[in-house]
Amino acid sequence: MVRQHSPDGTLQRFQELCMAEPNGPQAAAYRMWMEKVLQPLNEKAADIIAEHIDLLDAQVVVPELLQLVAHVSAMRVNLARWQNGEPGAFYGSIISYPDKLSE
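## Points about the packing of aromatic side chains
Moving on, step 1. Overall, the coordinates contain 1 aromatic pair when judged by the stated rule.
Moving on, step 2. Each ring, one from Y30 and one from W82, has its centre 6.0 Å from the other, and the planes form 75°; the classification is edge-to-face. You can see Y30 sitting in helix α3 (residues 25-52) and its partner W82 sitting in helix α4 (residues 63-83), a full 52 residues away along the chain. Across this residue pair, the class does not change: Y30 and W82 are buried.

Below you can see the structure in the form of C-alpha cells.
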C-alpha cells in the first residue's frame, strides 16, 4: 500500500502526507485500506486470540497478543470517526500495532 501510494515509496513520506493533508489522496487510500483490508484482517486475528486464548501453553498471556486486541479495539473508534466524516482523526491508533507480531 505504501509503495503504491507514497510519491517516493517510503513510509515516512506517506505518513507525512497523511498527517499534512487528511483529505488528500494518501490519507484517503490509507482509510480505504484500513476499512476494507487491514481492519477486517485485524478483527479476525483479535477474534482468534479472544476465542482461543485458553489453548496457549503458557502461564501468562503474551503481551503482544493483548496489545493486538487493544489496538484493534482502538482502531474501531477511528473507523467510526471516519464514517462520521472526521478524516482528521486519521492516522493510527492510540495503541500501536505490536511490532513483534509483524517481524
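## Points about helix α2 (residues 11-20)
Moving on, step 1. The set of residues buried in α2 consists of F14, L17 and C18. Around the axis of α2, the buried residues are gathered within 100° of arc, so they sit on the same side. Those residues of α2 that are exposed and aimed more than 90 degrees away from the buried face are Q12, M19 and A20.
Moving on, step 2. Considering only its buried residues, α2 is in contact with α1 (2-5) and α3.

## Looking at the environment of V72
Moving on, step 1. Residue position: V72 is located in helix α4.
Moving on, step 2. Sequence-wise, V72 and A20 are 52 residues apart; in three dimensions their C-alpha atoms are separated by 24 Å.
Moving on, step 3. In this structure V72 touches Q39, N42, E43 and A46, once residues within four positions along its chain are discounted.

Rules and cut-offs
- Residues numbered from 1 in each chain as written.
- Predicted model: local features only at pLDDT ≥ 70, side-chain atom pairs only at ≥ 80, totals over all residues.
- Heavy atoms only, no water.
- Phe/Tyr/Trp six-rings, centres within 6.5 Å; stacked < 30°, edge-to-face > 60°.
- Helix = DSSP H or I, 4+ residues; strand = E, 2+ residues; numbered from the N terminus.
- Buried < 20%, exposed > 50% of the residue type's maximum accessible area, 1.4 Å probe, protein only.
- Arc of directions from axis to C-beta.
- Contact = heavy atoms within 4.5 Å.

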